[in-house]
Amino acid sequence: MNTLWSWERAADVTPLLFDSFVSVTLPATILGTLLAAALGLVIAVLRRVAPAAVARPLRWLTEFIRMTPLVVQLTFAYFLLTDLSGLTIGIGVLGIHYATYMAEVYRAGLDSVPKGQWEAATALSLSPRRTWTAVVIPQALRATAPALGNYGISMFKETPFLFAISVVEMVTRAQQYGARHFEYTEAITLAGVIFLAASYPTSLLVRRLEVRLAY
Amino acid sequence: MPTSAAPVPAIRFEQVVKRFGDHRVLDHLDFVVTRGDRVTLIGPSGSGKTTILRLLMTLEDPTDGDIYIDGEPLTHERRHGRRVRRRERDRQRIRRRIGMVFQQFNLFPHMNVLENVTEAPIHVLRVPKAAAAERARALLDQVGLADKAGAHPLQLSGGQQQRVAIARALAMDPEILLLDEVTSALDPETVADVLNVLRDIARTTDITMLIVTHEMQFARDVSNRVLMFDHGRIIEEAAPDVMFTDPQEPRTREFLRAVLTGSGA
Amino acid sequence: MSNVDALVDALPRLGDGIRVTLLLTGGGAACGLIVAVTLGLASGNDRLMVRGAARVFIEFFRGTSLLVQLFWLVFVLPQFGVTFEPLTCGIIALALNYGAYGAEVVRGSISAVPKGQWDVTTALNMSRIQRMARIVFPQAWALMIPSLTNLLIQLLKGTALATFILLQDLNYMIGQLQRSTGDTVFAFSVGLTIYFALAWLLTQVMHMLEARAKHRMGLA
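(A) View of the overall build of chain C. Along chain C, the regular secondary structure elements total eight helices and zero strands. Taking the intrachain contacts of chain C between residues at least 6 apart in sequence as the baseline, contacts between residues at least 24 apart amount to 75%.

(B) Spatial organisation of the overall build of chain A. Of the regular secondary structure elements, chain A holds eight helices and zero strands. Across its three principal directions, the C-alpha atoms of chain A cover 75 × 45 × 25 Å. Counting across all 215 residues of chain A, residues that qualify as buried make up 41%. Within chain A, counting contacts between residues at least 6 apart in sequence, those at least 24 apart form 77% of the total.

(C) Spotlight on the nonpolar core. A:M102, A:A191 and B:L178 are the most contacted members of the largest nonpolar core, which totals 192 residues. Per-element tally for this core: the top contributor is helix α4 (residues 86-112) of chain C, with 14 residues.

(D) How the structure looks around the interface of chain C and chain B. Counting from both sides, the interface comprises 17 residues of chain C and, opposite them, 22 residues of chain B. Taken together, the elements giving at least two residues each to the side of chain C that touches chain B come down to α5 (115-123) and α6 (128-158) of chain C. Considered class by class, the residues forming the side of chain C that touches chain B number seven nonpolar, seven polar and three charged.

(E) Layout of the interface of chain C and chain A. Each partner contributes to the interface: chain C provides 27 residues, whereas chain A provides 28 residues. Tallying contributions element by element places helix α8 (residues 184-216) of chain C first for the side of chain C that touches chain A, with seven residues.

(F) Representation of unusual backbone geometry within the structure. If you check the backbone angles, B:H28 has positive phi at about 50° while not being a glycine. In this structure, C:L166 takes a positive phi of about 65° despite not being glycine. In this fold, C:L166 is placed in the loop between α6 and α7 (170-181).

(G) Structural view of the pairing of strand β4 (residues 64-69) of chain B. Residue and element names in this part refer to chain B. Pairing between strand β1 (residues 11-20) and β4: five bridges, direction antiparallel. Bridge pairing in β4 links V17 to D64. Pairing geometry for β4 and strand β5 (residues 72-73), over two bridges, is antiparallel. For I69, the partnering residue across the bridge sits in β5 and is E72.

(H) Structural context of helix α1 (residues 49-56) of chain B. Residues and elements named next belong to chain B. Extensive coverage of α1 is indicated by the burial of six of its eight residues. Every buried residue belonging to α1 is among K49, T51, I52, L53, L55 and L56, and all of these are buried. With its phi angle positive at about 55°, T58 sits one or two positions after the end of α1.

(I) Geometry of the pairing of strand β6 (residues 76-79) of chain B. With four bridges joining them, β6(B) and strand β7 (residues 82-85) of chain B adopt antiparallel strand pairing. Directly across from B:R78, in β7(B), lies its bridge partner B:R83.

(J) View of the sheet that holds β5(B). Residues and elements named next belong to chain B. With respect to topology, four strands assemble into an open sheet ordered β2-β1-β4-β5, the strand pairing being antiparallel. Two strands close off the open sheet at either side, each with one partner strand: β2 (23-33) and β5. One ladder, built from seven bridges, connects β1 with β2; its direction is antiparallel. Bridge assignment links I11 to a residue of β2, and that residue is V33. Set on the sheet, α1 makes contact with β1, β2 and β4; between it and β1 the angle comes to about 110°.

(K) Examining the sheet that holds strand β10 (residues 208-212) of chain B more closely. All names here are of chain B. The six strands lie next to each other as β8-β9-β10-β3-β11-β12, forming an open sheet whose pairing is mixed. Sheet topology places β8 (98-101) and β12 (233-238) at the edges, where each strand pairs with a single neighbour. In this sheet, neighbouring strand axes are inclined to one another by 20° on average, regardless of whether the strands run parallel or antiparallel.

(L) Molecular detail of the confidence of the model for chain C. Of all residues in chain C, 99% have pLDDT values of 70 or greater, and the mean over the chain is 91. This prediction of the complex comes with two scores: 0.82 for pTM and 0.87 for ipTM.

(M) Broad picture of the packing of helix α6 (residues 128-158) of chain A against helix α8 (residues 185-213) of chain A. All names here are of chain A. The N-to-C vectors of α6 and α8 enclose an angle of 170°; their axes lie 9 Å apart at closest approach. If you check the angle between α6 and α8, you find them roughly antiparallel. From α6, R142, A145, P146, G149, N150, I153, F156 and K157 reach across to α8, where they touch F195, A198, S199, T202, S203, V206, L209, E210 and L213. In terms of residue class, the contact of α6 with α8 is made up of nine nonpolar, five polar and three charged.

(N) The arrangement of the arrangement of the chains in detail. Here the protein chains form two pairs of chains in contact, of which the pair with the most contacts is chains A and C. The closest approach of any C-alpha atom in chain A to one in chain B is 24 Å; the two make no contact.

(O) The arrangement of the environment of C:I174 in detail. Among the structural elements, C:I174 can be located in helix α7. Setting aside residues up to four positions removed in sequence, C:I174 forms contacts with A:V72, C:A187, C:F188 and C:G191.

(P) Seen up close, helix α5 (residues 115-123) of chain A. For α5(A), the tally of buried residues reaches only zero of nine residues, placing the bulk of the element at the surface. After α5(A) finishes, the residue A:S125 shows a positive phi value of roughly 60°.

(Q) Here's a closer look at the confidence of the model for chain A. Residues with a pLDDT of 70 or more make up 98% of chain A, whose mean pLDDT is 88. Per-residue pLDDT, averaged within each element of chain A, yields its smallest value for α5(A) (83) and its largest for helix α3 (residues 70-80) of chain A (94).

(R) Inspection of the environment of B:P62 at higher detail. Residue and element names in this part refer to chain B. With respect to the secondary-structure elements, P62 resides in the loop between α1 and β4. Distance in space between the C-alpha atoms of P62 and L140 is 35 Å, their sequence separation being 78 residues. Contact partners of P62, with chain neighbours within four places excluded, come to V16, V17, K18, L55, I67 and T75.

(S) View of the packing of helix α1 (residues 3-42) of chain C against α7(C). Residues and elements named next belong to chain C. One way to put it is that α1 packs onto α7 with a least axis distance of 8 Å and a crossing angle of 165°. Considering their axes alone, α1 and α7 lie roughly antiparallel with respect to each other. The handedness of the crossing between α1 and α7 is right-handed. The segment α1 lies against α7, with N3, A6, A10, R13, L14, G17, I18 and T21 engaging L170, Y172, M173, Q176, L177, S180 and T181. Its residues assigned to classes, the contact of α1 with α7 shows eight nonpolar, six polar and one charged.

Parameters at a glance
- All residue numbers refer to position in the chain's written sequence, counted from 1.
- Chains and ligands are labelled sequentially in the order written, the chains with letters from A and the ligands with numbers from 1.
- For this predicted model, a pLDDT threshold of at least 70 governs which residues receive local features, and a threshold of 80 or more governs which side-chain atom pairs are given and counted, while totals over whole chains, interfaces and linings are taken from all residues.
- What counts as a helix is a DSSP run of H or I of at least four residues, what counts as a strand is a run of E of at least two, and both are numbered from the N terminus.
- Note on contacts: residues are paired as contacts if their backbone-placed C-beta atoms lie within 7 Å.
- Backbone-placed C-beta atoms define the burial measure: a residue is buried with 20 or more other C-beta atoms within 10 Å of its own, exposed with 12 or fewer, and partly exposed in between.
- In this description, a nonpolar core means buried residues of the types Ala, Val, Leu, Ile, Met, Phe, Trp, Tyr and Cys, linked to one another by C-beta atoms lying within 7 Å.
- Think of it as three bins: nonpolar holds Ala, Val, Leu, Ile, Met, Phe, Trp, Tyr, Cys and Pro, charged holds Asp, Glu, Lys and Arg, and polar takes everything else, Gly as well.
- Strand pairing is defined by DSSP finding a minimum of two bridges between the two strands.
- The axes are straight lines fitted to the C-alpha atoms, using for helices just the contacting stretch, and the angles between their N-to-C directions are given from 0 to 180°.
- As a per-residue quantity, pLDDT reports the predictor's confidence and falls between 0 and 100.
- Should an angle lie under 35 degrees it is considered roughly parallel, over 145 roughly antiparallel, and from 65 to 115 roughly perpendicular; all remaining angles are considered oblique.
- Should the near helix be turned anticlockwise from the far one by less than a right angle, the crossing is left-handed, and should it be turned clockwise, the crossing is right-handed.

So, in structure tokens, the structure goes:
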């Protein structure tokens, strides 16, 4: 079958792609992003408050994870943690990997909180915990929302890497369909279209948010 | 067509209008500059003086009206009865006769002094490198910076940088030189050096000069005409001696009094 | 056979893997830079058509996944009669994907060059090409290096996908080492460390380039 494009095949493969999108891609992205946001904040705070003996190695570890390939980290974890499912490992590694990016964003956000805020909190005898939760973090978080959005979109586009640990996500589904029917064009193109349809409007929203937040 | 028997004027503004959004900066402006004139433009900020220079240098286009250089239209022409933008090639050809020195010097930060001065002659006029360098050194000598040819712009004071900028503009052999508040961004000590260089150029060449400045003494020394601007129109014109000692218009008096007593205008 | 022995044994193959990874990185980066500059300049062009086309390109390659682009080149293109070698597919996909991100960096840096520089090139009657090539871009270059460095490291990480289009890059060799030693932690630690070292090296090179560019601008 050598026609350039078959609408029949396109209609055939689309439900399969959507199924993977909903059952793998979306959960992986959402849970991964939440994990990254939370863990990244922990890392950023720790690096600031923990003693050098903890902060230093932590910094090296995050740099190491940040600058090495996600795919390799995925396969590493997959070989090590044999009782966990591919999807669980995938979400975990995505979360940890992107937490290292988010830690940088939080760091910049924390640095941008004026010193006066900390001093005012001290002058009011606020406990360290209260200082962080009520004064510093809310201000630091303003700038991080757009970055979180952008990294969420990046993660979304890297969920296909999960195929390396035998998770059948959308692109793998497309490739499998193509292999079965000897026709890849519709499957892979539609997978790309779904990515574009999901990521482009989201990125526009994030840009709008960025403008709105930069008073 | 000009009706004077004199040669074609170097610059002619004919009913030039310039609007920025709703704000009309130049309001049906007419004036003429003869070759060899040294014209100083004075007036409060926002009166349109810098805009005139920017229009001449084609950094902006007039909203309406025409600008003629040596009788040729600079920015727009009439083709088939419509006002159309001139081709870039033609604009370039005419623009070559005009040079400009800016308030912020705008030297190229990634080149040293000599390279700044030779850059345009080599790449625009296609002067051979050696000849361009020789000319550049002569010009740097003229502005008193012969020993700074290898220096980097950031190593020079503001006044020195501005003198390099003047040398760079002169390296293109312009017939008309536009000077836009060239000393306003300088420390008072270095202002004199720059003005002396300009006085020297005025004395030793017959280059046409349009000067926007607050330096009234310099204006008196160098110019043969002074134009007072307000709200986009010329409200008075006179020779420097007359203009500065006995201005006719009340607005001119007000402005000069404010400037000369340093209370700003 | 101990781990260390296996590692020593595997060194030549690891070397080959590193070579492939560097080929992909270098090729992708060089072509990607060309894509970035072209799209970056085009997205600031006067003509709406040119600007629009550039924008479409940029959003398209940024909005679709690198793996999709790679698979498209490897699986779909041959169905139209165009077959590239896997290495070429890898370089093209990397160049297009990261070039699109790079275009934003180029555009942003060009806008950051002071407007006075544009004015003075008009005053000196330079042509548009001369203005961009000799005056504006050289100044923008110093500004864009830090962001381009980040993209370069991401590109290096992206090369690891090449394993899945049957290229024997470093990632592939890590798998081999893991199989031959049976020691997952050892093999992957070695592999990740090599990637980290490569990333560090590339960062140092970019820092040097930045220092040189800043020096020429009299800033260092």
